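The residues making up each chain are set out below.
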Amino acid sequence: ETTLKASHQWPGGKGDVRDEMVQILAREVANANVDLKIQVYPGKSLFKPREQWGAMVKGVLDIAAFPLDYASGRHPEFSATLMPGLVRNHDRASRLNTSPFMDDIKKVINDAGVVVLADAWLAGAFASKKQCITSPESMKGQVTRAAGPAFEQMLVGAGASIASMPSSEIYTGLQTGVLDAANTSSGSFVSYRIYEQATCLTKPGANALWFMYEPILMSKRSWDELNEDQQKALLAAGKVAEEYFLGEAKGLDDKLVEAYSNAGVEVVEMSGDDYDQWLAIAKETSYKNFAEKVDGGQELIDKALAVE
Amino acid sequence: MSPLFTGLLILFALLALLGIGTPIAFALGFVSIAALLIVDGAGSLSILGETFFGGLASFGLVSIPMFILMGSAVASSPAGKDLYEALDRWLNRVPGGLVLSNIGACSIFAALSGSSPATCAAIGKMGIPEMTKRGYPNEIASGSIAAGGTLGILIPPSITMIVYGIATETSIGRLFLAGLLPGFMLTALFMAWTIYDCRRRGIGLSALTERFTMKERFAALPRVLPFLAIIVGILYVLYGGVATPSEAAGVGALFCIILVVVIYRMWSVTKVTGMFRDTLKESVMIMMIIGASELFSYTLSSMFITQSIAEWIAALDVNRWVLMAIINCFLLFAGFFLPPVAVILMTAPILLPIILQAGFDPYWFAVVLTINMEIGLITPPVGLNLYVINGIAPNITLAEILRGSIPYVLCMVVGIILLCLVPGIATWLPELMMGKAL
Amino acid sequence: MTAYIRWVSALSRLAAVAALFLLASAIVVVTQMVVMRYFLNASTVWQTEYVIYALVAMTFLASPFVLMEKGHVNVDLLYLQLHGVARQVVQSLAGLIGLLFCALLAWSGWTYFEEAWSYGWTTDTVWALPLWIPLLPLPLGVGLMTLQYIAEIAKIWRGEPA
Ligand code: NA
Ligand code: NA
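Residues numbered from 1 in each chain as written. Chains lettered and ligands numbered in written order. Predicted model: local features only at pLDDT ≥ 70, side-chain atom pairs only at ≥ 80, totals over all residues. Heavy atoms only, no water.

As recorded by an unreviewed UniProt entry, chain C carries the name TRAP transporter small permease protein and is attributed to Roseibium polysiphoniae. According to the UniProt record, the Subcellular location (unreviewed entry) comment for chain C reads "Cell inner membrane". Quoted verbatim from the Sequence similarities (unreviewed entry) field of UniProt, the annotation for chain C is "Belongs to the TRAP transporter small permease family." (UniProt positions renumbered as here; feature names shortened; annotations may be inferred.)

As recorded in an unreviewed UniProt entry, chain B goes by the name TRAP transporter large permease protein, listed as coming from Roseibium polysiphoniae. Turning to chain B, the UniProt annotation filed under Subunit (unreviewed entry) states: "The complex comprises the extracytoplasmic solute receptor protein and the two transmembrane proteins." Listed in UniProt under the heading Function (unreviewed entry), the comment for chain B reads: "Part of the tripartite ATP-independent periplasmic (TRAP) transport system."

This next bit is on the interface of chain B and chain C. Chain B puts 60 residues into the contact, and the matching count from chain C is 56 residues. Summed over both sides, the interface between chain B and chain C buries roughly 5,000 Å², with carbon and sulfur atoms accounting for 82% of that surface. Summed over the shared surface of chain B and chain C, the result is 3 salt bridges. The closest approach of N and O atoms between B:E247 and C:R37, which form a salt bridge, is 3.0 Å. Where chain B touches chain C, the interface holds 8 residue pairs in polar contact (both at pLDDT 80 or more). At the level of secondary structure, the elements contributing two or more residues to the side of chain B that touches chain C comprise helix 1 (3–19), helix 2 (24–40), helix 3 (48–56), helix 4 (63–75), helix 13 (245–263), helix 14 (269–302) and helix 19 (384–392) of chain B. With 13 residues, helix 14 of chain B is the largest single contributor of residues to the side of chain B that touches chain C. (Contact = heavy atoms within 4.5 Å. Buried area = accessible area lost by both parts, 1.4 Å probe. Salt bridge = Lys/Arg side-chain N within 4 Å of Asp/Glu carboxyl O. Polar contact = N/O pair within 3.5 Å; in protein donor to acceptor, adjacent residues only side chain to side chain. Helix = DSSP H or I, 4+ residues; strand = E, 2+ residues; numbered from the N terminus.)

Take the coordination of the sodium ion (ligand 2) next. The protein atoms that coordinate the sodium ion (ligand 2) are B:G335 (O), B:F336 (O), B:G376 (O), B:T379 (O), B:T379 (OG1) and B:V382 (O), at distances of 2.3 to 2.9 Å. Considering all 6 donor atoms around the sodium ion (ligand 2), angles at the metal cover 69 to 170 degrees and the coordination shape is irregular. (Donors = N, O, S within 2.8 Å, 3.2 Å for Na, K, Ca; no water. Tetrahedral: all angles 85-135°; square planar, octahedral: opposite > 155°, others 65-115°.)

A separate point is the coordination of the sodium ion (ligand 1). Residue and element names in this part refer to chain B. The coordination sphere of the sodium ion (ligand 1), as far as protein atoms go, consists of A110 (O), S113 (O), G152 (O), I155 (O) and P157 (O), spread over 2.2 to 2.4 Å. Ordering the donors of the sodium ion (ligand 1) by residue number gives the pattern A-x2-S-x38-G-x2-I-x1-P. Accessibility expressed as a relative area gives 4% for P157, which makes it buried. (Buried < 20%, exposed > 50% of the residue type's maximum accessible area, 1.4 Å probe, protein only.)

Let's shift gears to the state of the cysteines. This model, assessed by the stated rule, comprises 1 disulfide over all chains. Each sulfur in the disulfide pair A:C132 and A:C200 lies 2.0 Å from the other. Note on the A:C132 and A:C200 pair: the S-S dihedral is about 105 degrees, so by sign convention the disulfide is right-handed. Of this pair, A:C132 sits in the loop between strand 5 (121–128) and strand 6 (143–145) while A:C200 sits in strand 9 (residues 200–202), placing them 68 residues apart in sequence. The exposure classification of A:C132 matches that of A:C200, with both residues buried. Not part of a disulfide, B:C106 finds its nearest cysteine sulfur in B:C120, a span of 6.6 Å. (Disulfide = S-S within 2.5 Å.)

Below, the discussion takes up the packing of aromatic side chains. Under the definition given, this model contains 32 aromatic pairs over all chains. Their ring planes at 20 degrees and their centres at 6.1 Å tell us that B:F53 and C:Y53 sit as a pair that is stacked. Residue B:F53 is located in helix 3, and its partner C:Y53 is located in helix 2 (residues 47–68); the two belong to separate chains. Aromatic ring contacts, followed pair by pair, group B:F26, B:F52, C:F60, C:F101 and C:Y149 into a single cluster. Its guanidinium or amino end placed over the ring of B:Y363, B:R174 lies 5.2 Å from that ring's centre, counting from NZ or CZ. (Phe/Tyr/Trp six-rings, centres within 6.5 Å; stacked < 30°, edge-to-face > 60°. Lys NZ or Arg CZ within 6 Å of the ring centre and 35° of its normal.)

On to the side chain of B:T51, then. Looking at where B:T51 falls in the secondary structure, it is placed in helix 3. When neighbours within four sequence positions are excluded, B:T51 is seen to be in contact with A:E51, B:E294 and B:L295.

With 276 residues, the main nonpolar core has A:W53, A:F101, A:I109, B:I290 and B:F365 as its most contacted residues. The element best represented in this core is helix 14 of chain B, accounting for 15 residues. Apart from the residues within four sequence positions on either side, B:F365 is in contact with B:Y164, B:M324, B:I327, B:L331, B:L351 and B:I355. Formed by 32 residues, the second largest nonpolar core is a distinct cluster that contains A:L36, A:A65, A:L117 and A:A120. (Core = buried A, V, L, I, M, F, W, Y, C linked by side-chain atoms within 4.5 Å.)

We now examine the packing of helix 6 (residues 97–110) of chain B against helix 8 (residues 138–150) of chain B. All names here are of chain B. The contact between helix 6 and helix 8 brings their axes to 9 Å, and the two run at 20 degrees. In terms of axis orientation, helix 6 runs roughly parallel to helix 8. Judged by the sense of rotation from one axis to the other, the crossing of helix 6 with helix 8 is right-handed. Seen from helix 6, the contacting residues are V99, N102, I103 and C106; seen from helix 8, they are I140, S144, I145, G148 and G149. The class makeup of the residues in the contact of helix 6 with helix 8 is 5 nonpolar, 4 polar and no charged. (Axes fitted to C-alpha atoms, helices over the stretch in contact; angles between N-to-C directions. Parallel < 35°, antiparallel > 145°, perpendicular 65-115°, else oblique. Left-handed = near helix turned anticlockwise from the far one by under 90°. Nonpolar A, V, L, I, M, F, W, Y, C, P; charged D, E, K, R; others polar.)

So, about the packing of helix 14 of chain B against helix 1 (residues 2–38) of chain C. Viewed as axis vectors pointing N to C, helix 14 of chain B and helix 1 of chain C meet at an angle of 95 degrees, and their least axial separation amounts to 10 Å. In terms of orientation, helix 14 of chain B lies roughly perpendicular with respect to helix 1 of chain C. Across from B:T273, B:F276, B:T279 and B:L280 in helix 14 of chain B, the residues of helix 1 of chain C making contact are C:A16, C:A19, C:L20, C:L23 and C:A24. Class assignment of the residues belonging to the contact of helix 14 of chain B with helix 1 of chain C gives a composition of 7 nonpolar, 2 polar and no charged.

Right, here's the structure in full:
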């Protein structure tokens, strides 16, 4: 029997959707009776989140649920998967998965020695204890923790001041007043109970600026060592995990809104007009930067924006 | 081979390497590599560098050298002497007054330094010779400083709390607050024992002949005030929304350096290099242990040993206080052999889920863990404070230091019991200032 | 051997001086960052990363010096009971373990550095610092520590104080 190691950074067995995806993968593969077992290591109990990529490339780690942008230092193209305003909502995210944009990204992934087992796009939000964040104007002067460099560039363009810290310190940052606002995934906003400190939440809704690609990946080396039946079983299991995710994706944002309204936090949403203003800033900051830094960067962004 | 059995083999290999005197960091690293090579083959070597580097490259850890530097900057100046002398003018009529002053000075100094050895050195360098000169037995003089120095990691700022916070994703600011009242409690316990012991043995009463007027007492304060100002300043920076703990540490270090340079005129190159040199030695030693612990934890987790131990403890299904007693014995045992940082990095991932499952508060547990680590600092074979005392008072034997420390170790055990009876000693202040914990 | 020990020790001291300046610079940068954000409400882009990597570099570069100064804490109670050749053998054995570990870590660190250099990897932040810069102190410092270890083992047999 072959045992594969699967790692991720979220709490295990607590209902986190990414943990659940990996667990489903493990269950499905076990049920397929192909002499294959997946041992799950949740909550960074094996690798630090950012070290998972290198470990997969070298074949030391077999499977990971991995926020792709974490490897953008090695493959700058990956920044496009945490780029403000490229996704907008969950329906568009699933259309994006089969677009030429994602074909390009997946080619980079494969060339690096990693294969994709299941796609997932997670939405994120903004929260503030100073002023609701809707238009770029509302961001001015707020000390903000942003998730991802492309977001930092755009927020600075809107007049925010950036303080960098891990998402686990956002709560204390807001509480002590080091931070006025924060931007991270919907899941982290709930699990770190930021609602106890924030006064206003900008929910993802129809015009979400923040989306991040967090697929389940597998080391090409480990993949090549499997026999055909095992590979088929893994692909089938990946499909099941992906379908589960699609069913849950919107529910995640509902959970976020519920947690914050129950805590008495004001919940707002960006209007189409706000969103366009942000896009205009992103074009001048993050997109421009990306196009300059990455070969074919402008093309990638155009391909993503071209998706219906 | 079952994971628990593999774990035992690794433990024995580690103890053997430690026994022949391999530095702790390299013993941890070597055992990890050897185990990985045997189980996973040569491929596992490829991630060695990235794992070690990744274990160190964290903004939270930045505060460690900074908080050590704060301490060694002040320790390199005569400020420690000023501190206990100022206290002595107020306490000299109490039995064991000079010892009390030294313990009090350790406690105040602990608020300036994140490290225990630095606290020991700062006060003990002048304090121990002064105590022996005034007729206190070697064991009381050295034992009180060894124990007083351990307050360095309980009273904020604290390196062990920082490492615990990073390992368990708990708030470092909140951990600091949790340690404050227990720190005062231990100080009080140490002092109470000292008064009792000195009165019982009739020592330290000779100082009674020396009397200070109120005027003299107040005259000694101005030299101490700048340091109290820095303590208050750091608390303000930490809890007033100016900066994160790492940033506060950097600013605090800069202020401490400026202060000793200005007040004690320590601007010669030798003196400035001196304070940096002590900092380099202690922080590099700690950081290398952190990097190696990262490898060790990876090895244990990848072989499913960590998870199996956790499952095994969880399956014991005992009363939560019995569980807490077992955990304490285990921590004490680990503390005999390993320095605090290594123990925390290796055990926190195993213990925290169990602690939470049993309904204990993670911040309260951090304090209990820290007091266990304090005991480890003054017990052989690896007790960092013992080395420091040995360095600053070479004429006092290890046996004397140990004899002198034992009563204070018992004080710490009493402290742990009090914390179990009244958990609020640790949790009340953070809840008052920061609301309920997550 | 005397010349070797002298040269390696000099290199270790030199690396420690570099580490000292890195530590001092980190303190200045942290303070500058707090002032920028708190008083000037400006963004801080490179400071956090600089401080992290400066202190990691400090660790690796000063480590050979700390080894030379016997600062890497160990359990010495057991082998202190031994005398003469027995103690020298046990000490050398411990030294050999440390030497092997340092050599492997230096080698693995070198390959990591070499990859980062040849593929042009950067850190994944706005600053996008070329990754080989913060990685270089790892093979450099730990490599020097390996050389220092050879000197330390040689010292054991030359009867110098342990
Ligand atoms: Na302290
Ligand atoms: Na000990």
